[in-house]
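# Summary of structural features
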Amino acid sequence: VTRALAAAYSPFFSFGVAVNRNHVTQEDNPGANIVQQHFSVLTAENDMKWESIQPSEKRFTFKGSDALVSFAEKYDKELIGHVFVWHQQTPDWVFEDEEGNFVSREVLLQRMRDHIFTLAGRYENAIKGWDVVNEALNEDGSLRKSKWQQIIGDDFIEKAFEYAAEAAPNAALYYNDYNLFKAEKMDGAIALAKRLKAKGIRIDGIGIQAHYSNEPPLEELEQSIQKVINAGFKIMITELDLTVLKFPDEDKVGADITLDFAFQEEYDPYKNGISEASHQKLATAYIDLFRLFLKYHEHIDRVTLWGVSDKDTWRNYWPMKGRTDYPLLFDRKHQAKDFVDDLIA
Ligand code: XIL
């Protein structure tokens, strides 16, 4: 790659990446080098999630998040906080009393408030924007029956944004979800954002995760983007990665491919080399997507990749145990893929 990516994109949107502990604590980590050079805004892939920050009641652990904040200060990077309220990577204790029964609405609201205030307060001057609520919608746009929803009721989202606005007055506040290219789901997200706004509760934008498989859904995504623009909210592309590898048949999901030699070539591109066809498919997908992002750059504040290199992508070893994936811009040896220059041209 011939230019620093964040600098190349800076007239259009900020360019971000999800990072882990090793990127921000090991100065000689090759991934850390890429982060320093190519990205201007960082999201913690896991270190600010509830289970990392408050694994048990009132026992807060800031080791990972503090390391990230120091790294960001040192290298002059912006930070996105991910995430206050989600149904995953949130310990069971949050929803339960000592007997293991659901707590009352009041208790859960108090826990939510304490968590948001503690986390947002500690990093008040460090965090530019927060994913306040993550993945609250079903595919048809209705509210997911998460423990948050069951215990507090539908207004758990309003409460989360109210607390966040109070605790993080200077940070942008986002609703974040996946599959928002689907019309029904995006309609649900926009309705949710409008509901908040109508009640005078601040929400600044909608985060589109963008974990795609095979061809990215370009046309649907464009329509979704236009809807958000018409509704007057900002857009963030928050968790971009693209897999072009085949999804295994249902009966192979979770299987260990190292035991099944027949699958290795197809499912472990790094052992056998990614095929030219798959590589080209990835190149085309990224080029098309970035063209779309650039077209709407006035409304897209940020594009964040969900991982630095193929070495640390969460897509490795899933949905099959021995399989590594090829979904990011930098490969397993931390080399930029050959199409990356075409993304900025
Ligand atoms: C993923 C991380 O990448 C993994 O390391 C972790 O094991 C599970 O969570 N949507 C989100 C992210 O909002 O927080 C998830 O991150 C990916 C899906």
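Thresholds, definitions, all that
Residues numbered from 1 in each chain as written. Predicted model: local features only at pLDDT ≥ 70, side-chain atom pairs only at ≥ 80, totals over all residues. Helix = DSSP H or I, 4+ residues; strand = E, 2+ residues; numbered from the N terminus. Rg over C-alpha atoms; globule rule 2.2 N^0.38 Å. Buried ≥ 20, exposed ≤ 12 C-beta atoms within 10 Å, placed from the backbone. Contact = placed C-beta atoms within 7 Å. Pairing = 2+ DSSP bridges. Right-handed = clockwise from strand over helix to strand, strands pointing away. Near = placed C-beta within 6 Å. Nonpolar A, V, L, I, M, F, W, Y, C, P; charged D, E, K, R; others polar. Axes fitted to C-alpha atoms, helices over the stretch in contact; angles between N-to-C directions. Parallel < 35°, antiparallel > 145°, perpendicular 65-115°, else oblique. Left-handed = near helix turned anticlockwise from the far one by under 90°. UniProt positions renumbered as here; feature names shortened; annotations may be inferred. Expected span 1.5 Å × (residues − 1). Arc of directions from axis to C-beta. Core = buried A, V, L, I, M, F, W, Y, C linked by C-beta atoms within 7 Å.

In terms of regular secondary structure, the protein chain is built from 14 helices and nine strands. Relative to the globule expectation of 20 Å for 345 residues, the C-alpha radius of gyration of the protein chain, 20 Å, shows essentially globular dimensions. Overall size of the protein chain, expressed as C-alpha extent along the three principal axes, is 55 × 45 × 45 Å. The burial tally for the protein chain puts 43% of its 345 residues in the buried class. At a minimum sequence separation of 6, the contacts of the protein chain that also span at least 24 residues come to 76%.

Another aspect to go through is the pairing of strand 6 (residues 205-208). Going residue by residue along strand 6, you find Gly205 and Gly207 tucked away on one face and Ile206 and Ile208 tucked away on the opposite face as well. The sheet contact formed by strand 5 (residues 172-177) and strand 6 spans four bridges and is parallel. Of the residues in strand 6, the one forming a bridge with Tyr174 is Gly205. After leaving strand 5, the chain enters helix 9 (residues 183-198) and then returns to the sheet as strand 6, a path that is right-handed. Pairing of strand 6 with strand 8 (residues 234-243) involves four bridges; the strand directions are parallel. For Ile206, the partnering residue across the bridge sits in strand 8 and is Ile235.

Moving on: the site of the ligand. Looking at the ligand, the residues that line it are Glu45, Asn46, Asn134, Gln209, Glu239 and Trp314. Residues that form the shell around the ligand fall into these classes: one nonpolar, three polar and two charged.

A word on the packing of helix 9 against helix 10 (residues 218-231). Close contact between helix 9 and helix 10 brings their axes to 10 Å; oriented N to C, the two are set at 15 degrees. Relative to helix 10, the element helix 9 is oriented roughly parallel. Our pair here, helix 9 against helix 10, has a crossing hand that is right-handed. In this structure, helix 9 contributes Ala183, Met186, Ile190, Ala193 and Lys194 to the contact, and helix 10 contributes Glu220, Gln223, Ser224, Lys227, Val228 and Ala231. Its residues assigned to classes, the contact of helix 9 with helix 10 comprises six nonpolar, two polar and three charged.

Now for the UniProt feature "active site" (unreviewed entry) in the protein chain. The feature "active site" (unreviewed entry), as given by UniProt, occupies Glu239 in the numbering adopted here. Residue contacts for Glu239: discarding those within four places in its chain leaves Ala18, Gln209, Ala210, His211, Thr304 and Trp306.

A word on helix 8 (residues 156-167). Taking 1.5 Å per residue, 12 residues should reach 16 Å; helix 8 reaches 16 Å between its end C-alpha atoms and fits that length. Phe156, Ile157, Lys159, Ala160, Phe161, Tyr163, Ala164 and Ala165 are the residues of helix 8 that are buried. Taken together, the buried residues of helix 8 touch strand 3 (78-85), helix 6 (105-122), strand 4 (129-134), helix 7 (147-152), strand 5 and helix 9.

All right, on to unusual backbone geometry then. For residues besides glycine, phi is generally negative; the peptide bonds are generally trans as well. The omega torsion of the bond from His82 to Val83 falls at 15 degrees, within 30 degrees of zero and hence cis. Within the element layout of this structure, Val83 appears in strand 3. Even without being a glycine, Ala210 presents a positive backbone phi close to 70 degrees. Position of Ala210 relative to the elements: it lies in the loop between strand 6 and strand 7 (211-213).

Think of two packed helices as two axes; the pair is described by the angle between the axes and how far apart they sit. Closest axis-to-axis distance for the helix 6/helix 8 pair is 9 Å, and the angle between their directions is 30 degrees. With respect to each other, helix 6 and helix 8 are oriented roughly parallel. Of the two possible hands of crossing, helix 6 and helix 8 adopt the one that is right-handed. Residue-level contacts link Leu109, Met112, Arg113, Ile116, Phe117, Ala120 and Gly121 of helix 6 to Lys159, Ala160, Tyr163, Ala164 and Ala167 of helix 8. In the contact of helix 6 with helix 8, the residues fall into nine nonpolar, one polar and two charged.

To continue, consider helix 6. Given a rise of 1.5 Å per residue, 18 residues ought to cover 26 Å, and the 26 Å separating the end C-alpha atoms of helix 6 matches this to within 8%. Those residues of helix 6 lying buried are Leu108, Met112, His115, Ile116, Leu119 and Ala120. For helix 6, the buried positions fall inside an angular range of 110 degrees around the axis, keeping them on one side. Exposed side chains of helix 6 directed beyond 90 degrees from the buried face belong to Glu106, Gln110 and Gly121. Contact partners of the buried residues in helix 6: helix 4 (50-53), strand 3, strand 4, helix 7 and helix 8.

This part takes up the environment of Ala255. Of note, Ala255 is situated in the loop between strand 8 and helix 11 (261-267). For the pair Ala255 and Pro217, spaced 38 residues apart in sequence, the C-alpha to C-alpha distance is 28 Å.

Okay, the environment of Arg195 next. Assignment of secondary structure puts Arg195 in helix 9. Sequence separation between Arg195 and Glu158 is 37 residues, and the spatial gap between their C-alpha atoms is 8.6 Å.

For the rest of this paragraph, the subject is the nonpolar core. Of all hydrophobic cores here, the largest spans 97 residues; its most connected members are Trp130, Val132, Ala160 and Ala164. Those residues in contact with Ala160 that sit more than four places away from it in its chain are Phe84, Val85, Met112, Val132 and Val133.

Within a regular beta strand, the side chains point alternately toward one face of the sheet and then the other, so they alternate between its two faces. Among the six residues in strand 9 (residues 300-305), six count as buried, and that is most of the element. Bridge analysis of strand 1 (residues 14-19) against strand 9 gives four bridges, and the strand direction is parallel. Bridged to Phe15 within strand 9 is Val303. As defined by bridge partners, strand 8 adjoins strand 9 across four bridges and the pair is classed as parallel. From the neighbouring strand, Leu240 faces strand 9, where its bridge partner is Leu305.

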